[in-house]
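Notes for the structure review
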Amino acid sequence: MASITFPHAIEKLGGPNYAKWAYEMESVLRYEGLWAVTQNNDPQPDAATLGDGATNYDLYKAVQACREREDKALAIIKFNTDYTLSHHFPEKATAAEAWTALAKAYRVPGVIKALALF
């Protein structure tokens, strides 16, 4: 099986490196235009959001683009998370659910978070 080369070289999330990983992963997702997906700020479009002149095909294309952003954001998170941590989010999790679950499991608040970056 061929290996997949990921264009952004960051260390995979292993648990203790969460603060650094989250900082770098946020940067990657922002660079790729996908940060809004992880924050539940990329709702799937409907006829009302596209406006009166939109056709069914326009709606189809907009929905497909939204799904592709979701898939890409989740794939980036999964590619950069050690497989042993995949139990933190269900198989059909969204990118936002995966991001939130990993943060809940590994984010350290306050001063400890700042020290973990170094």
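The rules behind each value
- Residues numbered from 1 in each chain as written.
- Predicted model: local features only at pLDDT ≥ 70, side-chain atom pairs only at ≥ 80, totals over all residues.
- Heavy atoms only, no water.
- Axes fitted to C-alpha atoms, helices over the stretch in contact; angles between N-to-C directions.
- Helix = DSSP H or I, 4+ residues; strand = E, 2+ residues; numbered from the N terminus.
- Parallel < 35°, antiparallel > 145°, perpendicular 65-115°, else oblique.
- Left-handed = near helix turned anticlockwise from the far one by under 90°.
- Contact = heavy atoms within 4.5 Å.
- Core = buried A, V, L, I, M, F, W, Y, C linked by side-chain atoms within 4.5 Å.
- Buried < 20%, exposed > 50% of the residue type's maximum accessible area, 1.4 Å probe, protein only.
- Polar contact = N/O pair within 3.5 Å; in protein donor to acceptor, adjacent residues only side chain to side chain.
- pLDDT = per-residue confidence, 0-100.
- Phe/Tyr/Trp six-rings, centres within 6.5 Å; stacked < 30°, edge-to-face > 60°.

Section: the packing of helix H1 (residues 18–31) against helix H5 (residues 95–106)
- The N-to-C vectors of H1 and H5 enclose an angle of 160°; their axes lie 11 Å apart at closest approach. Put simply, H1 runs roughly antiparallel to H5. H5 is crossed by H1, and the crossing has left-handed handedness. Along its contact with H1, which presents Tyr18, Trp21, Ala22, Met25, Glu26 and Leu29, the element H5 presents Trp99, Leu102, Ala103 and Tyr106.

Describing the nonpolar core
- Core analysis: the largest hydrophobic core is formed by 25 residues, its most contacted members being Tyr18, Trp21, Leu29, Ile77, Trp99 and Leu102.
- Not counting the four nearest positions on each side in its chain, Trp99 is found in contact with Trp21, Ala22, Met25, Glu26, Leu29, Trp35, Thr38, Gln39 and Ile77.

Looking at the side chain of Thr38
- For Thr38, the position within the fold is in helix H2 (residues 35–38).
- Residue Thr38 is classed as buried on the basis of its relative accessible area of 3%.
- Reaching out from Thr38, the side chain makes a polar contact with the backbone oxygen of Trp35 at a distance of 2.7 Å.

Comments concerning the confidence of the model for the protein chain
- Averaged over all residues, the pLDDT of the protein chain equals 85, while 86% of them reach at least 70.
- Across the protein chain, H1 holds the top mean pLDDT of 95, while helix H6 (residues 111–116) sits lowest at 56.

A closer look at the packing of aromatic side chains
- Inspection of every chain in the model, using the stated rule, returns four aromatic pairs.
- Ring centres of Trp35 and Trp99 lie 5.1 Å apart, and the angle between their planes is 90°; on these two criteria the pair is classed as edge-to-face. Taken together, the residues Trp35 in helix H2 and Trp99 in helix H5 connect sequence positions 64 residues apart. Residues Trp35 and Trp99 agree in their burial class; the two are buried.

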